[in-house]
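Here's the letter readout for the chains.
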Amino acid sequence: MDDMAYADRRRLRRKLTFWRVAAFALVIAIGFSAYSFFAGDKKGTVRPHVAHVEITGMITDNTELLDRLDAIAKNDQVKALVVSISSPGGTTYGGERLFKAIRAVSEKKPVVSDVRTLAASAGYMIASAGDMIIAGESSITGSIGVIFQYPQVDELMRKLGVSLQEIKSAPLKAEPSPFHPASEEAKTMIRSMIMDSYDWFVDLVAERRGLSREETLKLADGSIFTGRQALKAKLIDQLGGDAEIRAWLETKGVSKDLPVEEWKKKDNGSFFSLPTAAIYLARLMGVETGLTPETMRQWGTDKLFLDGLVSVWQVGSDR
């Protein structure tokens, strides 16, 4: 065997070894991912405790969080729930589902809404689901209202010399459209839908806070409030933090000695998750994708855009 053939043979062996290692790593990653998926997060199921859940960022239709709240409601070892909220709001439907999920927990055990930096719009909707709302003096809350937004690109299209032709079954089909100004009929339709959702939100706040509809409407003009202002307006129950939360829970028979356990979302960012494993193996093969596990999850299960009616506080907005 000449030197050239021997060198080729060594290269072939190295390639075979690499692919064997890569295949083994992929099988291990899939195995751990499957175990994590089917086994679920069993944290906090062994000893009596107070469950703690954080809701942060934009609120959407979050199935994983809903499942977590359902598990808390069914877990006999959970004696109370503290929901810490730091959110400007999000979709009205997403807020509605979380509101109902928290109320389902409240039917079985006391729930405290812990307003942190911001709990506005759909964030306040969620907070109102708690049996007790506690906020900081400088926390921001309120912004009760609903908004529907859509972009307008018709002027840009005209400048580019692009036109859009459409044939539809009825004038209000696919309205409002970003490709032409909305007709008065379309505006009336959207406003009717917004006001119906707004009335539902107002009635919800009135019922949960023990206010008349007239009192609630005065607070539901989109205004935001500090914790001190919200207390005077009866939108929250008390100013404070962890100490006040535990003191209130004690009045409901929940001992201060019970530990607080974090019920967190399962971590999908470790090596033993499919997105991370795929990226890692691509790099082993010398392929740089420029992707991260988070972006892959967004393309998969997470939503890139809010859809539907939105209840969100927007800095700089007129509403």
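Data block above holds the structure.
Attention now goes to the overall build of the protein. The number of helices and strands found in the protein is eleven helices and ten strands. Within the span of the protein, comprising 319 residues, buried residues form 38% of the whole. Counted over contacts in the protein with a minimum sequence separation of 6, partners at least 24 positions apart contribute 75%.

Moving on, we come to the pairing of strand 1 (residues 49–56). Each regular strand carries side chains that alternate between the two faces of the sheet. Among the eight residues in strand 1, six count as buried, and that is most of the element. Bridge count for strand 1 against strand 2 (residues 78–87) is eight bridges, and the pairing is parallel. Bridging across to strand 2, His52 finds its partner in Val82. The parallel pair strand 1 and strand 2, bridged by helix 2 (residues 63–74), forms a crossover whose chirality is right-handed. Where strand 1 meets strand 9 (residues 260–262), three bridges bridge the pair, whose relative direction is parallel. Pairing of Val50 across the sheet is with Val260, part of strand 9.

Under the defined criterion, the tally for this structure stands at 17 salt bridges. For Glu96, the salt bridge is made with Lys100, and the minimal N-O distance between the two is 2.9 Å. In this pair, Glu96 and Lys100 are both assigned in helix 3 (residues 92–106), four residues apart and thus about one turn of the helix distant. Classification of Lys100 as partly exposed rests on a relative accessible area of 49%. Between Asp199 and Arg213 there is a salt bridge; the shortest N-O distance is 3.0 Å. Of the two residues, Asp199 is situated in helix 6 (residues 184–209) and Arg213 in helix 7 (residues 213–219); the sequence distance between them amounts to 14 residues. Asp199 gets classed as partly exposed once you look at its relative accessible area, which sits at 28%. Here Arg213 falls in the partly exposed class, since its relative accessible area comes to 30%. When salt bridges that share partners are traced, they join Glu166, Lys168 and Glu175 into one network.

Closest axis-to-axis distance for the helix 3/helix 6 pair is 12 Å, and the angle between their directions is 25°. Considering their axes alone, helix 3 and helix 6 lie roughly parallel with respect to each other. When you trace helix 3 past helix 6, the crossing you get is left-handed. Contact with helix 3, carried on its side by Thr92, Glu96, Phe99 and Arg103, involves Ser197, Trp200, Leu204 and Arg208 of helix 6 and no other residues of that element.

Attention now moves to the packing of aromatic side chains. In this structure the tally under the stated criterion is one aromatic pair. With 6.3 Å between their ring centres and 50° between their planes, Phe148 and Tyr150 make a pair best called tilted. Note on Tyr150: relative accessible area 33%, which makes it partly exposed.

What follows is about the pairing of strand 2. Of all ten residues making up strand 2, eight are buried, and the element is well covered by its neighbours. Bridge count between strand 2 and strand 4 (residues 111–120): six bridges; the pairing is parallel. Bridge pairing in strand 4 links Val82 to Val112.

What follows deals with the packing of helix 2 against helix 3. In contact at an axis separation of 8 Å, helix 2 and helix 3 are set at 10° when each is read in the N-to-C sense. Overall, the two elements helix 2 and helix 3 adopt an arrangement that is roughly parallel. Here helix 2 contributes Leu65, Leu66, Leu69, Ile72 and Ala73 to the contact with helix 3, which in turn contributes Arg97, Leu98, Ala101, Ile102, Ala104 and Val105. Within the contact of helix 2 with helix 3, the residues separate by chemical class into ten nonpolar, no polar and one charged.

Examined against the element boundaries, Arg68 turns out to sit in helix 2. Taking the relative accessible area as the measure of exposure, Arg68 reaches 12% and is therefore buried. Excluding anything up to four places from it in sequence, Arg68 contacts Val53, Trp263, Lys264 and Lys265.

Positionally, Ala129 belongs in the loop between helix 4 (122–127) and strand 5 (132–135). As for Ala129 and Arg209, which are separated by 80 residues in sequence, their C-alpha atoms are 9.8 Å apart.

Our next topic: a nonpolar patch on the surface. A contiguous nonpolar patch, built from Leu156, Leu160 and Val162 and spanning about 300 Å² of accessible area, is present on the exposed surface. If you trace the backbone, Leu160 turns up in helix 5 (residues 154–160). By relative accessible area, Leu160 is classed as exposed at 61%.

Of all hydrophobic cores here, the largest spans 48 residues; its most connected members are Ile55, Leu69, Ile72, Leu81, Leu98 and Leu235. Broken down by secondary-structure element, the contributors of at least two residues to this core are strand 1, helix 2, strand 2, helix 3, strand 4, helix 4, strand 5 and helix 6. The leading source of residues in this core is helix 6, at seven residues. Excluding residues within four positions of it along the chain, Leu235 makes contact with Tyr124, Ile133, Ile144, Val205, Arg209, Leu219, Phe225 and Ala230. The next biggest cluster of nonpolar side chains, apart from the first, holds eleven residues, and it includes Trp248, Leu249, Val254 and Leu258.

Cut-off values and rules
Residues numbered from 1 in each chain as written. Predicted model: local features only at pLDDT ≥ 70, side-chain atom pairs only at ≥ 80, totals over all residues. Heavy atoms only, no water. Helix = DSSP H or I, 4+ residues; strand = E, 2+ residues; numbered from the N terminus. Buried < 20%, exposed > 50% of the residue type's maximum accessible area, 1.4 Å probe, protein only. Contact = heavy atoms within 4.5 Å. Pairing = 2+ DSSP bridges. Right-handed = clockwise from strand over helix to strand, strands pointing away. Salt bridge = Lys/Arg side-chain N within 4 Å of Asp/Glu carboxyl O. Axes fitted to C-alpha atoms, helices over the stretch in contact; angles between N-to-C directions. Parallel < 35°, antiparallel > 145°, perpendicular 65-115°, else oblique. Left-handed = near helix turned anticlockwise from the far one by under 90°. Phe/Tyr/Trp six-rings, centres within 6.5 Å; stacked < 30°, edge-to-face > 60°. Nonpolar A, V, L, I, M, F, W, Y, C, P; charged D, E, K, R; others polar. Patch = residues over 30% accessible without salt bridge, like charges linked within 9 Å, V, L, I, M, F, W, Y side chains within 5 Å. Areas by Shrake-Rupley, 256 points an atom, 1.4 Å probe, with all protein chains shown as cover. Core = buried A, V, L, I, M, F, W, Y, C linked by side-chain atoms within 4.5 Å.

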